[in-house]
Amino acid sequence: MKLFKRKRKLNRSLGGDIALFAVLIFFGIFSAFPLVMTVSNAFKPLDELFLFPPRLFPRNLTFENFRDLSELIGNSWVPFSRYFFNTIFITVVGTVGHVIIASMAAFPLAKYKFPGRGIFFTLVVYSLMFAPQVTATPNYIIISSIGLIDTPSAIILPAIASSLGLYLMKQFMSQIPDELIESAKIDGASEYRIFFQIVMPLVKPAWLTLIILLFQRLWITDGGSFIFSEELKPLSYALRQIAQGTIERAGTIAAVAFIMMIVPVTFFILSQSKIVETFSHSGMK
Amino acid sequence: MEANTTVAPVLTKKQLLWKKIKKSKHYYILMAPFAILFLTFTVVPVIMSLGISFSYFNLLEPPRFVGLDNYIKLFLEDEVFIIALKNTLILAVVTGPVSYLMAFVFAWLINELRPKLRSFLTLIFYAPSISGNAFLMWLLIFSGDVHGYANAFLMRFGFIDNPILWLKDPSYMMLVIIIVQLWLSLGVSFLAFIAGLKSVDKTLYEAGAIDGIRNRWQELWYITLPSMKPQLLFGAVMQITTTLAIAAVSMQLVGFPSVQYAGHTIVTHLIDYGTVRYDLGYASAIATVLFFIMITTNLIVRQILRRVGN
């Protein structure tokens, strides 16, 4: 088990390696424990849930919690599939829209100079410095005045213009060689063709990053005060209503948490290396 | 000749700009969808928030100008806001730097490992921040009865005799929020650091060794940190913005409102006035204060970080 490439590395001592590795293990357990328990509790019968020390692997593996969950949801007057559809719709439309629209804006910002470019990008960078909560109140007013309250667009449209995605995409596009674009231009390609046929395929790693960032945000949205019709509410809202219970619901809560976490985490596992690649261009000056 | 050269540039400057704009029309078209949405949902709201903060507005009646009343009430009469402000600053001062350091140190340690192990640990550390509601598992860990893992652990080893009401006792709430927030905090900046470390020019280390760098700490300070300054700046912005906006963890773990407002933050206060009481003028004043706190902190930290390694 040669975990460290010690022999090939400069300036490393064995003692230091061991100490730092111990730190990693300790915090790794801290980080992983709640997630592992979330997975394992989702498959535990109620009597195993409250054991101490907690069992990492359930002795009597059961799907009881998921059955309870679907039963509880079956009792509500809106069918479960409806909540599920709402979340999928918001997540897919929002994410796809974000990737396309943010990339379209990122391309000229990264590759050309034109009047207004500097000020627009400065605004984008400044917008990274405050959280979306700051604009929640006026957003409500704006969204209601254009008649989008209680429609999926109330969640989707603001998310599409997420500035973090534009920022990362612009930084990533900056490293595309200019010659590539120039030669396409000489061949007579329009800006739009260059964008869709040359630039977009080259920035696939950044797509994945934009997807995961927006995906996890939209996947857990509960509609907040923007959506109030029961039949338009997303999954997260329904699941939270169910989870707001007592101890008897602990298993159901675990099942809920499992469903909400497994989708984004799986996506990250599949696309990790591409996502990390994008972030190597995330730097600020 | 003299007159010509002074007049002509003024005209051509304007014409030149117009010409440039016309030439760039495809760029504006490409940017238009994003720019429109961004202006509508980010830029305009910031300005609106500032405007509304000088008014009384409940959505039903038209806003009424009240001058600085909201700000005066906020800082002089609203004791809950002062608690929220204090809590937010404590959370920011503790979780901000700690999470930033954690993100960097873990990224740095992971960077030395073999690729498979590195990917695995990246997943372990990053996963909490994308796991949706999985932080609710902490409800079970910090449950106030004897079944809560924290209580059961401490009682089994004799540290305490009676279970601690972690989520209801004001003296423990902030601790719980800090722990859970730290657990959640290895997000975008962590990935940026991993990527930054990977892209540091390896030959710099060899050159450094020849120049007399003896251990990993010197290497870190003189080579690694200066080479990844852009990522460090980006990570700082992300961490500062997140820690000053802590709300969801507080609301879902210790309740909304929490006992004696012990877990109240600026954002939960904002949510209280904005979406529960519909006092939008007051909520906007809170938002505006938060906006300036966030921007100022970011700009100050950016100035400090720019000096690293200089």
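Definitions and cut-offs
- Residues numbered from 1 in each chain as written.
- Chains lettered and ligands numbered in written order.
- Predicted model: local features only at pLDDT ≥ 70, side-chain atom pairs only at ≥ 80, totals over all residues.
- Helix = DSSP H or I, 4+ residues; strand = E, 2+ residues; numbered from the N terminus.
- Rg over C-alpha atoms; globule rule 2.2 N^0.38 Å.
- Buried ≥ 20, exposed ≤ 12 C-beta atoms within 10 Å, placed from the backbone.
- Contact = placed C-beta atoms within 7 Å.
- Domains from an automatic or database assignment.
- Nonpolar A, V, L, I, M, F, W, Y, C, P; charged D, E, K, R; others polar.
- Core = buried A, V, L, I, M, F, W, Y, C linked by C-beta atoms within 7 Å.
- Axes fitted to C-alpha atoms, helices over the stretch in contact; angles between N-to-C directions.
- Left-handed = near helix turned anticlockwise from the far one by under 90°.
- Parallel < 35°, antiparallel > 145°, perpendicular 65-115°, else oblique.

**Notes on the overall build of chain B**
Thought 1: In terms of helices and strands, chain B carries 15 helices and two strands.
Thought 2: For 310 residues, the compact-globule formula gives about 19 Å, and the C-alpha radius of gyration of chain B, at 26 Å, lies well above that figure.
Thought 3: Along the longest, intermediate and shortest principal axes, the C-alpha atoms of chain B span 95 × 70 × 35 Å.
Thought 4: A total of 310 residues make up chain B; the buried ones form 45% of that total.
Thought 5: Taking contacts inside chain B between residues at least 6 apart in sequence as the whole, the part at least 24 apart equals 70%.

**Some remarks on the overall build of chain A**
Thought 1: Of regular secondary structure, chain A possesses 13 helices and zero strands.
Thought 2: Across chain A, helices and strands are ordered from the amino to the carboxyl terminus as α-α-α-α-α-α-α-α-α-α-α-α-α.
Thought 3: The C-alpha extent of chain A, read off along each of the three principal axes, is 70 × 65 × 35 Å.

**With respect to the domain arrangement of chain B**
Residues and elements named next belong to chain B.
Thought 1: According to the domain assignment, chain B contains domain 1 (1-52) and domain 2 (66-306).
Thought 2: Relative placement of domain 1 and domain 2: their C-alpha centres are 38 Å apart.
Thought 3: Contacts between domain 1 and domain 2 engage four residues on the former and six residues on the latter.
Thought 4: When the residues that make up the side of domain 1 that touches domain 2 are grouped by side-chain class, the tally is three nonpolar, one polar and no charged.

**Digging into the interface of chain A and chain B**
One frequently used descriptor of interface size is the decrease in accessible area upon assembly of the parts.
Thought 1: Taken together, the contact pairs 78 residues of chain A with 90 residues of chain B.
Thought 2: Residue contributions to the side of chain A that touches chain B peak at 15 residues, all from helix 13 (residues 250-279) of chain A.
Thought 3: A breakdown of the residues in the side of chain A that touches chain B according to their chemical character gives 56 nonpolar, 17 polar and five charged.

**Topic: the domain arrangement of chain A**
Residue and element names in this part refer to chain A.
Thought 1: Taken domain by domain, chain A comprises domain 1 (10-62) and domain 2 (70-279).
Thought 2: Computed over C-alpha atoms only, the centres of domain 1 and domain 2 are separated by 31 Å.
Thought 3: Mapped onto the side of domain 1 that touches domain 2, the elements with two or more residues apiece are helix 1 (14-42) and helix 2 (46-49).
Thought 4: Among the elements that line the side of domain 1 that touches domain 2, the one with the most residues is helix 1, at four residues.
Thought 5: The class makeup of the residues in the side of domain 1 that touches domain 2 is four nonpolar, two polar and one charged.

**Section: helix 8 (residues 163-173) of chain A**
Thought 1: Of all eleven residues that make up helix 8 of chain A, ten are buried, and the element is covered over most of its length.
Thought 2: Among the residues of helix 8 of chain A, Leu164(A), Gly165(A), Leu166(A), Tyr167(A), Leu168(A), Met169(A), Lys170(A), Gln171(A), Phe172(A) and Met173(A) are the ones counted as buried.

**Some points on the environment of Leu60(B)**
Residue and element names in this part refer to chain B.
Thought 1: Mapping Leu 60 onto the fold places it in the loop between strand 1 (55-56) and strand 2 (64-65).
Thought 2: Taking the C-beta count within 10 Å as the criterion, Leu 60 has 6 such neighbours and is therefore assigned exposed.
Thought 3: Taking the C-alpha atoms as reference points, Leu 60 and Ala 150, 90 residues apart in sequence, are found 48 Å from one another.

**Here we look at helix 6 (residues 136-145) of chain A**
Thought 1: Taken together, the buried positions of helix 6 of chain A are Ala136(A), Thr137(A), Pro138(A), Asn139(A), Tyr140(A) and Ile143(A).
Thought 2: Tucked into the core, helix 6 of chain A has its buried residues touching helix 7 (153-160) of chain A together with helix 2 (25-52), helix 14 (266-276) and helix 15 (280-306) of chain B.
Thought 3: Looking at the residues trailing helix 6 of chain A, positive phi occurs at Gly147(A), about 75°.

**Points about the nonpolar core**
For soluble globular proteins, nonpolar side chains are generally found buried alongside one another.
Thought 1: Of all hydrophobic cores here, the largest spans 171 residues; its most connected members are Ala105(A), Phe34(B) and Ile286(B).
Thought 2: Looking at which element gives the most residues to this core, the answer is helix 13 of chain A, with 14 residues.

**Some points on the packing of helix 4 (residues 80-111) of chain A against helix 11 (residues 204-219) of chain A**
How two helices pack is summed up by the angle between their axes together with the distance between the axes.
Residues and elements named next belong to chain A.
Thought 1: Contact pair helix 4 / helix 11: the axes reach a minimum separation of 9 Å and the direction vectors enclose 145°. The way helix 4 lies across helix 11 gives a crossing that is right-handed. Together, Thr 87, Ile 90, Thr 91, Gly 94, Thr 95, His 98, Val 99 and Ala 102 of helix 4 and Trp 207, Leu 210, Ile 211, Leu 214, Phe 215, Leu 218 and Trp 219 of helix 11 make up the contact between the two elements.
Thought 2: Within the contact of helix 4 with helix 11, the residues separate by chemical class into ten nonpolar, five polar and no charged.

**Some points on the environment of Leu233(B)**
Thought 1: As for its position among the elements, Leu233(B) is in helix 12 (residues 229-244).
Thought 2: Overall, Leu233(B) belongs to the buried group, with 21 C-beta atoms counted inside 10 Å.
Thought 3: Sequence separation between Leu233(B) and Asn298(B) is 65 residues; the distance between their C-alpha atoms is 9.5 Å.
Thought 4: Other than its neighbours up to four places away in sequence, Leu233(B) contacts Gly283(A), Met284(A), Arg302(B) and Leu305(B).

**Quick notes on the packing of helix 5 (residues 117-127) of chain A against helix 8 of chain A**
Residue and element names in this part refer to chain A.
Thought 1: In the contact formed by helix 5 and helix 8, the axes pass within 9 Å of each other and the chain directions differ by 125°. Accordingly, the angle class assigned to the pair helix 5 and helix 8 is oblique. The handedness of the crossing between helix 5 and helix 8 is left-handed. Taking contact as the criterion, the partners of Val 124, Val 125 and Ser 127 in helix 5 are, on helix 8, Ser 163, Leu 166 and Tyr 167.
Thought 2: Tallied by class, the residues present in the contact of helix 5 with helix 8 amount to four nonpolar, two polar and no charged.

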